[in-house]
Amino acid sequence: MFIDVHAHLYSEKFEDVEKIVNNAKEYNVQRIVCCGSDLENSKLSLEIARKYDNIYACVGVHPDDVGNFDEKFEDEIRELAKDKNVVGIGEIGLDYYTSEVSKEKQKEAFIRQMKLAYELHLPIVIHCREATGDMIEIMKGNLQYCKYGVLMHCFNKNSTVAKIFLDMGFYLSIGGCSTFPHTEKLHEAIKEVPLERLMLETDCPYMTPVPFRGQTNEPKNVVIVAENIANIKGISVAEVADQTTKNAKEFFKID
C-alpha cells in the first residue's frame, strides 16, 4: 500500500476526480492527502475529503497567496481546520522564486499559520523554494510551534540541509523531482536519510516523474517515486511502501 501525502485534486487539470482516485487504487495508492494553497482551494480540498473516505485534507495559504493574509483569513482557515477530515495545516511556507509577496509578509503569514497549527494540535506541511536560509532560521526560532509534526514538502535539497531538518525532528516528502536528471545531490540525501523519516508525494498535477514528463501528474505515479527511492537506497519497493505508509499514518493520524 502507498500513500500520496501531497496532491492538488481540485486542480482544473482534473476533470474527473473519481477517475483519478480509482486510477490510484489500481496502483495500490490507497490514501491521498489533498493540500490547499489558498482559502478557496482549501475549501475544495475539504469538500473532496468529505466525499471520499480515503482522502484527507490539509488547509492553509501558500506564500504566493498571502498578500492579503489577515485575521479574517486566519479565522476562516481555523474554522476549516476544525473539521474531522482535516489532518494538517498546509501548504504554507516561503517562496522567493515565484511569489510577488514581500519576504516580510510571507514570514509573518507563515509564522501565524504555524501558531495556528499548534493551537489546533495539527502537523504542518511546508513549502520552501529558494528560501532555505530563512526557512531554517524561522524553524529554529519557532520550534515550540512544531510539536505536532513538520513535513518538508517536495524536498529537493542536499544532505546538509536534510540533516538540519532531521535534527529538528522533521520529515521529508520526496516527489517526482527525484527522478529528474542532474539530481545527484538529492539522491545522496535520499540515500542518507533514514527511511523512517521519509514520505512519498506527487504534488499532482505538477512535478510529473520521468518517464512521463510533460503529462499531467496523478497520485498513481507515487509508485514511480517509491521505485526510485528503492533503487537509490538499494532496498525493495515493498520496504519503501511499508515504512512510508507507516510514517504517513502516524504523522497525519489516519487509518
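Sequence positions are assigned chain by chain, starting from 1 and proceeding in written order. Per-residue local features are limited, in this predicted model, to residues with pLDDT of at least 70; the limit for side-chain atom pairs, both in listing and counting, is 80 or more; totals at the level of whole chains, interfaces and linings are taken over all residues. Only hydrogens and water are removed before side-chain values are computed, so all heavy atoms of the structure are retained for them.

Trainee: Help me understand helix α7 (residues 184-192) in this model?
Mentor: One full turn of an α-helix is made of 3.6 residues, so residues set three or four places apart face in the same direction. Type-normalised accessible area, obtained with a 1.4 Å probe on protein chains alone, sets the label of each residue: buried when under 20%, exposed when over 50%, and partly exposed for intermediate values. By the criteria applied, helices consist of DSSP H or I runs no shorter than four residues and strands consist of E runs no shorter than two, each listed in order from the N terminus. Burial in α7 covers these residues: L186, A189 and I190. Buried residues of α7, seen end-on, are gathered within an arc of 100 degrees and therefore sit on one face of the element. Exposed side of α7, more than 90 degrees from the buried face: E184, K185 and E192 are the residues found there. Residues are treated as being in contact if the distance between any of their heavy atoms lies within 4.5 Å. Residues of α7 that are buried in the fold lie against α6 (159-167), β7 (171-174), β8 (198-200) and α8 (222-233). The directions considered for the arc run from the helix axis to the C-beta atoms.

Trainee: How should I be thinking about the packing of helix α2 (residues 39-51) against helix α3 (residues 71-81) in this particular structure?
Mentor: In a pair of packed helices, the angle between the axes and the distance between the axes together describe the arrangement. Angles here are taken between N-to-C directions and fall from 0 to 180 degrees, while the axes themselves are lines fitted to C-alpha atoms, restricted in helices to the stretch in contact. In contact at an axis separation of 11 Å, α2 and α3 are set at 5 degrees when each is read in the N-to-C sense. For the element pair α2 / α3, the angle class is roughly parallel. On the side of α2, the interface is formed by L39, S42, K43 and L46, while α3 contributes F73, E76, I77 and L80. Each residue is assigned to one class: nonpolar for Ala, Val, Leu, Ile, Met, Phe, Trp, Tyr, Cys and Pro, charged for Asp, Glu, Lys and Arg, and polar for all the others, Gly among them. Tallied by class, residues from the contact of α2 with α3 come to 5 nonpolar, 1 polar and 2 charged. An angle counts as roughly parallel when it lies under 35 degrees, as roughly antiparallel when it exceeds 145, as roughly perpendicular when it falls between 65 and 115, and as oblique in every other case.

Trainee: Is there a simple way to explain the pattern of salt bridges in this structure?
Mentor: Side chains bearing opposite charge may pair, as long as their charged atoms lie close to each other. When a carboxyl oxygen of Asp or Glu lies within 4 Å of a side-chain nitrogen of Lys or Arg, that pair is called a salt bridge. Applying the stated criterion across every chain yields a total of 15 salt bridges. The partner of R78 in a salt bridge is D75, with the nearest N and O atoms 2.7 Å apart. Residue R78 and its partner D75 are located together in helix α3, separated by 3 residues, close to a single helical turn. Exposure remark for R78: the relative accessible area of 14% places this residue in the buried category. In this structure, a network of salt bridges that share partners links the residues E74, D75, R78, K105, E108, R112 and E119.

Trainee: Looking at this model, I keep getting lost on the side chain of N221. Mind explaining?
Mentor: Its place among the elements puts N221 in the loop between β8 and α8. What makes N221 buried here is its relative accessible area of 7%. In contact with N221, other than residues within four places in its own chain, are T202, T208, P209 and F212.

Trainee: So what exactly am I meant to see when it comes to the layout of surface pockets here?
Mentor: Where empty space is left in the structure can be found by rolling a water-sized probe over the atoms. Throughout, the protein atoms alone are placed on a 1 Å grid, and a set of points is a cavity if a 1.4 Å probe fits but cannot get out or a pocket if it is open with protein on both sides within 12 Å along at least five of seven lines; lining residues have an atom within 4 Å of a point. Grid points are joined across faces, edges and corners, and a volume is the space filled by probe spheres set on the points. Taken as a whole, the largest pocket holds about 660 Å³ of empty space. Looking at the largest pocket, it is lined by 24 residues, and the ones nearest its centre are H62, H127, R129, H153 and D203. Secondary structure elements with two or more residues in the lining of the largest pocket: β4 (86-95) and β5 (124-129). Broken down by element, the residue count for the lining of the largest pocket peaks at 3 residues, all from β5. Partitioning the lining of the largest pocket into residue classes produces 6 nonpolar, 9 polar and 9 charged. In this structure, the second largest pocket occupies an estimated 170 Å³ of space. Taken together, Y27, T208, F212, Q215, T216, E218, K220, N221, V223, I224 and E227 make up the full set of residues lining the second largest pocket. Looking at the lining of the second largest pocket residue by residue, the classes come out as 4 nonpolar, 4 polar and 3 charged.

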